[in-house]
Each structure stands twice: as structure tokens, then as C-alpha cells.
Amino acid sequence: MDKPLYINRFRYHFSITKLVFWTCIFLGLILLFFLHSPHSSSSSSQRRFLADPDWEIRVIKSGKPRSRAGGLKVLVTGAAGFVGTHVCAALRRRGNGVVGLDNFNAYYDPSLKQARRSLLERADVFIVDGDINNPTLLKKLFDLVQFTHVMHLAAQAGVRYAMKNPASYVHSNVAGFVSLLEVCKSANPQPAIVWASSSSVYGLNTKVPFSEKDRTDQPSSLYAATKKAGEEIAHTYNHIYGLSITGLRFFTVYGPWGRPDMAYFSFTKDILKRKPITIFEGPDHFSVARDFTYIDDIVKGCLGALDTAKKSTGSGGVKKGPAQLRVFNLGNTSPVPVNKLVNILEKLLKVKAKKIVLPMPANGDVLFTHANISLAQRELGYKPTTDLQTGLKKFVRWYLDYYTRSGKKSNV
Ligand SMILES: O=C(O)[C@H]1O[C@H](OP(=O)(O)OP(=O)(O)OC[C@H]2O[C@@H](n3ccc(=O)[nH]c3=O)[C@H](O)[C@@H]2O)[C@H](O)[C@@H](O)[C@@H]1O
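Residues numbered from 1 in each chain as written. Predicted model: local features only at pLDDT ≥ 70, side-chain atom pairs only at ≥ 80, totals over all residues. Heavy atoms only, no water.

Per an unreviewed UniProt entry, the chain goes by the name NAD-dependent epimerase/dehydratase domain-containing protein and belongs to Hevea brasiliensis. Quoted verbatim from the Sequence similarities (unreviewed entry) field of the UniProt record, the comment on the chain reads "Belongs to the NAD(P)-dependent epimerase/dehydratase family." (UniProt positions renumbered as here; feature names shortened; annotations may be inferred.)

Time to look at the overall build of the chain. Summing up its helical and strand segments, the chain has 13 helices and 13 strands in all. Expressed as a percentage of the 412 residues in the chain, the buried residues total 52%. Counting contacts in the chain only where the partners sit at least 6 residues apart, residues at least 24 apart contribute 83% of the total. Summing over all exposed atoms, the chain offers an accessible surface of approximately 20000 Å²; the carbon and sulfur share of this is 60%. (Helix = DSSP H or I, 4+ residues; strand = E, 2+ residues; numbered from the N terminus. Buried < 20%, exposed > 50% of the residue type's maximum accessible area, 1.4 Å probe, protein only. Contact = heavy atoms within 4.5 Å. Areas by Shrake-Rupley, 256 points an atom, 1.4 Å probe, with all protein chains shown as cover.)

So, on to helix H9 (residues 263-272). Counted residue by residue, H9 has eight buried out of ten residues, so it is predominantly covered. Every buried residue of H9 is accounted for by Tyr-264, Phe-265, Ser-266, Phe-267, Thr-268, Lys-269, Asp-270 and Ile-271. A positive phi of about 60° marks Arg-274, the residue just after H9.

At a minimum axis distance of 10 Å, the contact between helix H6 (residues 135-144) and helix H7 (residues 166-186) shows a crossing angle of 35°. Relative to H7, H6 is oriented so that their crossing is right-handed. For the pair H6 and H7, the contacting residues are Pro-135, Leu-138, Lys-139 and Phe-142 in the first and Ser-179, Leu-180, Val-183 and Cys-184 in the second. (Axes fitted to C-alpha atoms, helices over the stretch in contact; angles between N-to-C directions. Left-handed = near helix turned anticlockwise from the far one by under 90°.)

Looking at the ligand, there are 22 residues lining it, with Arg-160, Ser-198, Ser-199, Tyr-223 and Thr-278 nearest. Between the ligand and Arg-160, the relevant distance is 2.5 Å, taken from an oxygen atom to a side-chain nitrogen or oxygen of the residue. Bound to the protein, the ligand loses 92% of the 700 Å² it would expose on its own. Those elements giving two or more residues to the shell around the ligand turn out to be H9 and strand E8 (276-281). Class assignment of the residues belonging to the shell around the ligand gives a composition of twelve nonpolar, six polar and four charged. (Near = heavy atom within 4 Å. Polar contact = N/O pair within 3.5 Å; in protein donor to acceptor, adjacent residues only side chain to side chain. Nonpolar A, V, L, I, M, F, W, Y, C, P; charged D, E, K, R; others polar.)

Note: most peptide bonds trans; most residues except glycine with negative phi. Here the amide bond leading from Asn-188 into Pro-189 is cis, since omega sits at 5°, within 30 degrees of zero. Tracing the backbone through its elements, the reader meets Pro-189 in the loop between H7 and strand E5 (192-198). Residue Thr-252 is not a glycine yet carries a positive backbone phi of 30°. Located in the positive-phi region is Arg-274, a residue other than glycine, with phi close to 60°. Here Arg-274 is to be found in the loop between H9 and E8. Given a relative accessible area of 47%, Arg-274 falls into the partly exposed group.

Here the focus is the environment of Lys-61. The residue Lys-61 is located in helix H3 (residues 53-62) in this model. Other than its neighbours up to four places away in sequence, Lys-61 contacts Arg-92 and Asp-124.

Quick look at the environment of Ser-220 now. Position of Ser-220 among the secondary structure elements: in the loop between E5 and helix H8 (222-241). Aside from chain neighbours lying at most four places away, what touches Ser-220 is Gly-203, Leu-204, Gly-364, Asp-365 and Val-366. There is a polar contact of 2.6 Å between the side chain of Ser-220 and the backbone oxygen of Gly-364.

Sites flagged by UniProt as "domain: NAD-dependent epimerase/dehydratase" (unreviewed entry) map to residues 74-310. This span, residues 74-310, is 42% helix and 18% strand, and a straight line between its end C-alpha atoms measures 14 Å.

Time to look at the sheet that holds strand E3 (residues 126-129). Spatially, seven strands are ordered E3-E2-E1-E4-E5-E6-E11 in an open sheet, and the strand pairing comes out parallel. In the strand order of this sheet, the two ends are held by E3 and strand E11 (325-330), each with one partner. Averaged over all neighbouring strand pairs, the angle between strand axes comes to 20°, with direction disregarded. Pairing of strand E1 (residues 73-77) with strand E2 (residues 97-102), which is carried by five bridges, proceeds in the parallel orientation. Its bridge partner being in E2, Val-74 is matched across the sheet by Val-98. (Pairing = 2+ DSSP bridges.)

As a further point, take the confidence of the model for the chain. For the chain, per-residue confidence averages 91 on the pLDDT scale, and 85% of positions sit at 70 or higher. We note a pTM of 0.89 for the whole complex and an ipTM of 0.98 for its interfaces. (pLDDT = per-residue confidence, 0-100.)

Attention now goes to the packing of aromatic side chains. Throughout the structure, instances matching the rule amount to 30 aromatic pairs. For Lys-113, the ring lying beneath its charged end belongs to Tyr-108, and the centroid distance is 4.6 Å. (Phe/Tyr/Trp six-rings, centres within 6.5 Å; stacked < 30°, edge-to-face > 60°. Lys NZ or Arg CZ within 6 Å of the ring centre and 35° of its normal.)

Pairing is possible between side chains that carry opposite charge, provided their charged atoms lie close to one another. Using the criterion set out here, one finds 15 salt bridges in the structure. We note a salt bridge from Lys-140 to Glu-56, for which the minimum N-O separation is 2.8 Å. With Lys-140 in helix H6 and Glu-56 in helix H3, this residue pair connects regions lying 84 residues apart in the sequence. Given a relative accessible area of 24%, Glu-56 falls into the partly exposed group. The closest approach of N and O atoms between Lys-352 and Glu-346, which form a salt bridge, is 3.6 Å. Residues joined in a network through salt bridges with shared partners are Lys-61, Arg-66 and Asp-124. (Salt bridge = Lys/Arg side-chain N within 4 Å of Asp/Glu carboxyl O.)

Burial analysis of E2 places six of its six residues in the buried class, which makes it a mostly covered element. Each parallel crossover has a hand, and for E1 linked through helix H4 (residues 82-93) to E2 it is right-handed. Note: E2 against E3, four bridges, orientation parallel. Within E3, the position partnered with Val-99 by the bridge is Phe-126. At this point the chain moves from E2, through helix H5 (residues 110-122), to the parallel E3, and the crossover so formed is right-handed. (Right-handed = clockwise from strand over helix to strand, strands pointing away.)

This is the structure:
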């Protein structure tokens, strides 16, 4: 028997209302998801600058080479970091277009990062406040400037901190690197990429000096493991998309404007404050040693890598042919025991250190590092010229000037 018409109508209206109701709930959930997704982590700053026409003008101006001869246009990630600041300044000095990117995180005193930013502003380099895990921002930067090169230095650094905050290493060194490579592979033209790997990939190897041909499959810290992962990820993007990629294995870089979490920096601070410093030693009182490398030498290596990088072969996400894939050690080739580092600092600071010597805990540290740099010498013209004594002298002069005379506090 047919149902009365009004009942059918009622059912029809009821189902339409239900449909509208559930569609609204669904759309609301999608909106919520996007508002809380990690990509929107820096979305407030992104909204701020995407709406600001002045921001675009500053990016374009900063990315413009001073002359046609200085044609490189480089995106430098981690630009407010130690190595990033020095590389940006050096590139700008020789006339290249340089745009910086940095998330100004609080791993160490952000005011030092802001001071580096001011330094670069005076050199005409603009640093965008944003994260490599934000593809919308990265794409926007590539829309504004056709970068020929990316110098990728943004990372979660530090060997021992990886035990305290492992997720930050995966977020920056693995997810962040992939996010950047995804945008680079789709860019047209694709840029050539030079990025910071680490001496720590040699892990527990005992054969010295460390050569690029040696195994790198026994990392001793999560930090090292994420840098090693980066090298494998680089291989994949080179293989599938034709991106030209060069990895640089830095060996304990030090110098003015350095990182407060590193031993030479925190020892200086504590020695001056007459506070005790802890020196780790290996089994049988083995003195732990590092191939400390001065920042100016590292910068020359970075520029050498950018200048010898061949073009990527793909475009718009499609590989057109095999592309360059390289990895180089950038060290000093003369390891120095940590004890000796402390002796040099004592003399330069004219203060005796209060030393506490402890057996090295299982904290991810390795006993020694020593770079074989013949490959970088041959291919990049890399030739370190600063010994530890000379480099530390320059660091101490900067430190005293920055923290003492300018009245800044070292909130390390
Ligand atoms: O070469 C590298 O790849 C790495 O160099 C440094 O790592 P590290 O060599 O451990 O540098 P520092 O943290 O300055 O430590 C230097 C030495 O001082 C020792 N140390 C450190 C801290 C301390 O309180 N006492 C102490 O004896 C460490 O065991 C190590 O042998 C950087 O921190 C890493 O980001 C970088 O990637």
C-alpha cells in the first residue's frame, strides 16, 4: 500500500537536513585537522608575512645577485645558526643573491640568533622566520626567487642532546630534509643542493683518518643516525628526481658567533665564571680528541662545494638524466685532545680551569675524530689554514667583546 504523500515529503526533508548536518560536521573536522596539523605550526607567522607585500619585496631584493657575474641565488636554511650566518655573509660579500630561512628555535639562547640576524641585516641579507617543515612557505620562496642553489644548514645539532629530545632530531634532520627536498624536486628549475652532514657518521670506526670510502653504518648517537639517514635520503632524491646533491661532513666547527652548547664555548663561559668544567676521558685515561675545524675554513669548503656543484638534471619533479651526488669531509686533519683545548683556553683567558675529569658516559660521544681531506682538496680546492691556537684566540676575542664589553648575558 502507498504511504501518504506527506510522510514521503517528511522523510525527504528529514534526510536532506541530516545530510546538511553531517556535511557541516565533516567540513568542520577537516578545518580542525588543518588548523592543528604540524604544517600550520608556523602558520600564524606565515599568514602574517603572506599578507605583507613588504615581506615579498624584501625576499626578492635579498635574493637578487649584486651583478650578473655573481649570478648564484642561494637559499640558506639555518641562516641564523653559527655556520649559516658565516656562509650567508660570505656569499653576500662576493655579490651572490642570498635569502635566509630559520625557525629561531630555543635549543640555545635565541638572542644570539637574533644578534646574528642583525649582523646579516646590516650585510643586506634577509632571514625569513619559518620552518623547513612548512612546504607552503618553501614553495612561496621558490615562487619569489628562482634559486640556483640551496645551502641546507638547518638541523637539530648536538650529539648528547639527542638523548634528551630524540624527536627534535627526527623532526628537523629527517622530516625537515625530506620536506625541503620535496619542494626542490618540484621546482623549475631544480636547484643544486649542498647540505651539512657530520663527522659523527663515522661512529665507532677505529681506522683513522676517516675517509669518505669508509663504512658509516655504526653510528653511536641518534644525531649521527639522523645525519646518516640524510645521506641515504639524498641518494634517493638524486636517483629518482635528478637532484644534484653534495653532503659535507663537518668536523667539530668552532669560532666567533659559535654555538653555546659546544664544549669550547661552554668551557670558556664556565672558566670565566670560575665554575668547574667536566672533561670526559676514555678507557685507561685515554684523552678524547677532536679534529676541531675553524669556521673560516668551513665557509671556504661550503663555497667550494656550491661553486663546483653541477646543475640538477630534472625539472618539475621529473628526472631527465643522471645527476651529481657527492660527499666530502671538511675537517682540519689535526686532532687535538680536549685537555689541550682547555690548556689553550686557560692561557687565552688568563684563568685556571677547575677541572673535573670523568669517565665518558654512554652519551653518544665518540673517542676521537680525524678527517682525511684529500678528496675535498682535489675537488673543492679545500685547504684549512687555521690551527686551534689561532682560531681559539679569535673566538675568545669575539666572546669577550660580545658578552663583556657589550654587556650581554651569556644565558647558555
Ligand atoms: O663533528 C661533528 O660532526 C659534530 O661536532 C660537534 O660535536 P662534538 O665533537 O661532540 O663537539 P662538542 O660538543 O664541542 O664536544 C667536543 C669534545 O668535548 C668533550 N666534552 C664535551 C662537553 C663536556 O662537558 N666535556 C667534554 O669533555 C666531548 O666529549 C667531545 O670530545 C657538534 O656539536 C655536532 O653538532 C657536530 O655535528
